[in-house]
Amino acid sequence: IGTEQRTVRQYGKGATRALVERENEQYVRMIDGKERYGLYHLEEDAAEDIAVILNDLQQKEIELDIRGRRSLAEQRRLYTQQQAGTKIDYPVAPPTQDAPHVAGRAIDVRNFRSLTPQQQQEVIRTFEEQEWTWGGTFRRRDIVHFEKRS
C-alpha cells in the first residue's frame, strides 16, 4: 500500500466508508470498491455529509457519479474557457479561493441528467436533508451542482 494512509469512520445509519489518502491522487474509496474521485479534499463536514447521502441513495438503488473539489488552477481554466465562449454545460464561478468547488464545499453529480425525474427528486431531497442547496434553484441554473450551506 506504500504511502497510503487509511482511516475508517462510521457515517449515518451504520454505513462504513474508508477514506483513503494517496500521494498525487484524490478520492474516497468505498469499502465495496467503488471510487469517488475528487471527494477526498472536501471540507471534513462536507465529506461526512456526502458519505451519508451516498449511503442513503445507495439503499434506494440510486448510484451517483460525483466530482468534488477543483484546484484553483482548474477553476481558472474552466472560467477562462467559459468567458472565451467555449460551451460548458454549467455555470462556472470566478476563480477565487472562496469559490465553492475550490473551497471544498460543493460537488457536481455528473450523471444527474441521466437519472429519472423521480430519482432526481430523491437526490435533491436527500441533499436538502443534509442542508445542501441544489444548483437548480440558482439564478443561473446549475442542475448538477450541490453546495453545502454555510
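All values reported here derive from a predicted model rather than from experimental measurement.

Asker: Any chance you could break down the pattern of salt bridges for me, citing the residues and the numbers?
Answerer: Opposite charge on two side chains makes pairing possible when the charged atoms of those side chains draw close. Enumeration according to the criterion identifies seven salt bridges in this entry. K87 is paired through a salt bridge with D89; the nearest N and O atoms lie 2.8 Å apart. Overall, K87 belongs to the exposed group, its relative accessible area being 69%. Here the residues in one salt-bridge network are K60, E122, R125 and E129, joined through shared partners.

Asker: Go over the packing of aromatic side chains, please, and point to the residues and values.
Answerer: Enumeration according to the criterion identifies four aromatic pairs in this entry. Ring geometry for F127 versus F146: centroids 4.0 Å apart, planes at 20°, classification stacked. Of this pair, F127 sits in helix α4 (residues 117-129) while F146 is found in strand β8 (residues 145-148), placing the two residues 19 residues apart along the sequence. We note that F127, like F146, is buried.

Asker: Break down the nonpolar core for me, citing the residues and quoting the values.
Answerer: L64, I107, F112, V123, F127 and F146 are the most contacted members of the largest nonpolar core, which has 21 residues in total. Those elements giving two or more residues to this core turn out to be α1 (44-59), β6 (106-109), α4 and β7 (132-134). With six residues, the top contributor of residues to this core is α1. Excluding residues that lie within four positions of it along the chain, F146 makes contacts with R105, A106, I107, V109, F112, V123, I124, F127, W132, T133 and W134.

Asker: Now, about α1: what can you tell me, with residues and values included?
Answerer: An ideal rise of 1.5 Å per residue puts 22 Å on 16 residues; α1 measures up with 23 Å between its terminal C-alpha atoms. Regarding α1, the residues found buried are A46, A47, D49, I50, A51, V52, I53, L54, N55, D56 and L57. Immediately beyond the C-terminal end of α1, within one or two residues, lies E61, with a positive phi of roughly 60°.

Asker: Kindly report on the sheet that holds strand β5 (residues 66-67), identifying the contributing residues and their values.
Answerer: Think of a sheet as strands paired side by side through backbone hydrogen bonds, with each pair either parallel or antiparallel. Here four strands make up an open sheet; going across it, the order is β5-β6-β8-β7 and the pairing antiparallel. At either margin of the open sheet sits one strand with a lone partner, and together these are β5 and β7. Two elements, β6 and β8, share three bridges in a ladder whose sense is antiparallel. Following the sheet pairing, I107 is matched in β8 by F146.

Asker: How would you summarise the environment of Q82 if you had to cite specific residues and measurements?
Answerer: Within the element layout of this structure, Q82 appears in helix α2 (residues 72-83). Those residues in contact with Q82 that sit more than four places away from it in its chain are I88, Y90, P91, V92 and R140.

About the criteria used
- As a convention, each chain's residues are numbered from 1 in the sequence order in which they are written.
- Local features in this predicted model are restricted to residues of pLDDT 70 or higher, and side-chain atom pairs are both shown and tallied only at a pLDDT of 80 or more, whereas totals for entire chains, interfaces and linings draw on every residue.
- Here the side-chain values reflect all heavy atoms present in the structure, with hydrogen atoms and water set aside.
- Salt bridge, as used here: a side-chain nitrogen of Lys or Arg that lies within 4 Å of a carboxyl oxygen of Asp or Glu.
- When a residue's accessible area, from a 1.4 Å probe over protein chains only, is under 20% of the maximum for its type it is buried; when over 50% it is exposed; and in between it is partly exposed.
- Geometry of aromatic contacts follows a simple scheme: Phe, Tyr and Trp rings, the Trp one being its six-membered ring, pair when their centres are within 6.5 Å, and the pair is stacked under 30 degrees between planes, edge-to-face over 60, tilted otherwise.
- Comment: elements are numbered from the N terminus, with helices defined as DSSP H or I runs of at least four residues and strands as E runs of at least two.
- By convention a nonpolar core is built from buried Ala, Val, Leu, Ile, Met, Phe, Trp, Tyr and Cys residues, the set being connected through side-chain atoms within 4.5 Å.
- Whether two residues touch is decided by their heavy atoms; if any such pair falls within 4.5 Å, the residues are in contact.
- Expected helix span is taken as 1.5 Å per residue step, with the number of steps being one fewer than the number of residues.
- Two strands pair under a simple rule: DSSP has to find at least two bridges between them.

Spatial relationships are all this shows, so hold off on functional conclusions.
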